[in-house]
Amino acid sequence: EPEVVKVSILNEESIILGFHLTKFMLRDILSNIPSSTYVVITDKNIAPIYLSKIITDFEKVASKLNLINTTKLRLITYIISPGEQSKSRDTKAEIEDFLLSKACGRDTCILAMGGGVIGDLAGFVAATFMRGVPYVQIPTTLLAMVDSSIGGKTAVDTPHGKNLIGSFWQPKRIYIDLMFLETLPEREFNNGMAEVIKTAAISSESDFINLENGVSSIREAVFSSPKRNVQYQGAILATRTPSQSLLLSVIMTSAKFKADVVTHDERESGLRGLLNFGHTIGHAIEAILSPELLHGECVSIGMIKEAEIARHLGHLNQVSVSRLYKVLQDYDLPVSLDEKKVKDLVGKKFCAVDKLMEIMKVDKKNQGDQKKIVILSSLGSTYEKKATIVSDSVIRKILSP
Ligand code: NAD
Ligand code: ZN
């Protein structure tokens, strides 16, 4: 039995965290989400590393539970191309046609194993297949672990914009298995850390201090793991190191804050808007610089700009802005559109202030024409328990060079 940590969301203990959870997870799923067909939906990067273990463990666990001969139980898999382009209506239809060709019915359970692309897409498939079937989130990126797998927002993109077609559909379980981080590219890890830092900045000074003090330990937990070493022979760590315990607690705390916000505000009215710290400006930057810059990288720059707005308005002091700046840099995240790393990635693209203002104007989270920004009052707390309306002139002033 692996040691697991449970977090509740919407009054159920459905978020489960730990290391090497595959067997535990399959035992739980087969016992508590009884279905005849389980469908793993994953992508071409993840499948070659993790799919065979899921398949062999499924056979083992099913036979231990005496499920093999008594039911017409099966596990099938569907593998899509990685990347945001797959989060489309076309890919959704392809998956649905696959499920129908395999005679999947209402007693189908979907296992979404991947980053946010897989989670949002497979979750949306689950939401509408046979008017809705149960699904489980198995996040494999840090961003998916602390953000996209939690909250039940599912969607696909359209040429008119991201996430425009979707629904709220809660997963039965969210298994946050930190083992997956062993193979996650470093840039993707940093991308997820932007959301972790964001959550600490709006919710808890002590969590923020843990991130400031934990830089080397947290990075060691992820980047010195055996799988990153070519000599790795498949051995698993019997005991947790102190740095792994820190990593687990940091991810748990971040996931728990999102889960608590969702529990109090499932359909996104006020409170859930706090999670948008750094995102009003970050999204506008992302609209221009994606895909060269990742979401978390844009949010990192957005957090600095929005913290500068809070300072300009007299709600946040300069020391706090500087600490935010330093912690983002320590986790290798960009803090300005002018830095070389950003320029090298985006080439000729640039973010004109007028263009950023124009994009923010049509942001669906705004109230009419008024732009809303989460204003920090210190590291760990916000000026209001929701985003604050900020005038165009203030935003323009901070964005201007
Ligand atoms: P992603 O799903 O594109 O994954 C990033 C890359 O990492 C992919 O190439 C993937 O194949 C690879 N990968 C994933 N796990 C791996 C692993 N363990 N080892 C090696 N490679 C691995 O990106 P993401 O950042 O996880 O998710 C972004 C998506 O999440 C966006 O579509 C965004 O809209 C969505 N999102 C949704 C919510 C929500 O509430 N539903 C919240 C935030 C973001
Ligand atoms: Zn985000």
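Everything here concerns the structure above.
Remember, it's a predicted structure, so these values are computed and weren't measured experimentally.

Novice: Break down the environment of D90 for me, citing the residues and quoting the values.
Specialist: Its place among the elements puts D90 in helix α3 (residues 89-101). For the pair D90 and I9, spaced 81 residues apart in sequence, the C-alpha separation works out to 31 Å.

Novice: Outline the environment of I398, supporting the account with residue identities and numerical values.
Specialist: Along the polypeptide, I398 turns up in helix α15 (residues 392-399). The spatial distance from the C-alpha of I398 to the C-alpha of S206 is 28 Å, given a sequence separation of 192 residues. Those residues within four positions of I398 in sequence are excluded, and the remaining contacts are K305, E308, I309 and H312.

Novice: Before we move on, can you summarise the site of ligand 1 with the specific residues and values?
Specialist: Near ligand 1 you find 25 residues, and of these D43, E84, T140, T141 and T183 are the closest. Here an oxygen atom of ligand 1 sits 2.8 Å away from a polar atom, N or O, in the side chain of N45. Relative to its unbound accessible area of 870 Å², ligand 1 is 86% covered by the protein chains. Taken together, the elements giving at least two residues each to the shell around ligand 1 come down to α4 (116-128), α5 (142-148), β8 (161-168) and α6 (186-203). Here the shell around ligand 1 is composed, by residue class, of seven nonpolar, nine polar and nine charged. For the shell around ligand 1, the two domains that each supply at least three residues are domain 1 (5-184) and domain 2 (187-399).

Novice: Before we move on, can you summarise α15 with the specific residues and values?
Specialist: All buried positions along α15 are accounted for by V394, I395, I398 and L399. The buried residues of α15 occupy an angular sector of 125° when the element is viewed end-on, so they sit on one face. For α15, the exposed residues lying more than 90 degrees away from the buried face are S393 and K397. Structurally, α15 contributes buried residues whose contacts are with α10 (279-289), α11 (295-312), α14 (353-361), β10 (371-373) and β13 (388-390).

Novice: Account for the packing of aromatic side chains, naming residues and giving values.
Specialist: Throughout the structure, instances matching the rule amount to four aromatic pairs. Note on Y50 and F180: the rings are 4.6 Å apart at their centroids and 65° apart in plane angle, and the pair reads as edge-to-face. On the criterion of sequence distance, the pair formed by Y50 in helix α2 (residues 47-64) and F180 in the loop between β9 (173-177) and α6 is long-range, its members being 130 residues apart. The ring of F124 has K92 sitting right over it, with the charged end atom 4.3 Å from the ring centre.

Novice: Tell me about the sheet that holds β9, and name the residues and values.
Specialist: Here we have seven strands laid out as an open sheet, ordered β1-β2-β9-β6-β5-β3-β4, and mixed in their pairing. Of all strands in the sheet, those bounded by a partner on one side alone are β1 (5-9) and β4 (74-80). Averaged over all pairs of adjacent strands, the angle between strand axes in this sheet comes to 20°, irrespective of strand direction. As defined by bridge partners, strand β5 (residues 108-114) adjoins strand β6 (residues 135-139) across five bridges and the pair is classed as parallel. Residue I110 lies in a different strand from β6, and its bridge partner there is Y135.

Novice: Can you lay out the side chain of R219 for me, pointing to particular residues and giving the numbers?
Specialist: Tracing the backbone through its elements, the reader meets R219 in helix α8 (residues 215-223). Residue classification places R219 among the buried residues on the basis of a relative accessible area of 14%.

Thresholds applied
Residues numbered from 1 in each chain as written. Chains lettered and ligands numbered in written order. Predicted model: local features only at pLDDT ≥ 70, side-chain atom pairs only at ≥ 80, totals over all residues. Heavy atoms only, no water. Helix = DSSP H or I, 4+ residues; strand = E, 2+ residues; numbered from the N terminus. Contact = heavy atoms within 4.5 Å. Near = heavy atom within 4 Å. Polar contact = N/O pair within 3.5 Å; in protein donor to acceptor, adjacent residues only side chain to side chain. Areas by Shrake-Rupley, 256 points an atom, 1.4 Å probe, with all protein chains shown as cover. Nonpolar A, V, L, I, M, F, W, Y, C, P; charged D, E, K, R; others polar. Domains from an automatic or database assignment. Buried < 20%, exposed > 50% of the residue type's maximum accessible area, 1.4 Å probe, protein only. Arc of directions from axis to C-beta. Phe/Tyr/Trp six-rings, centres within 6.5 Å; stacked < 30°, edge-to-face > 60°. Lys NZ or Arg CZ within 6 Å of the ring centre and 35° of its normal. Pairing = 2+ DSSP bridges. Axes fitted to C-alpha atoms, helices over the stretch in contact; angles between N-to-C directions.

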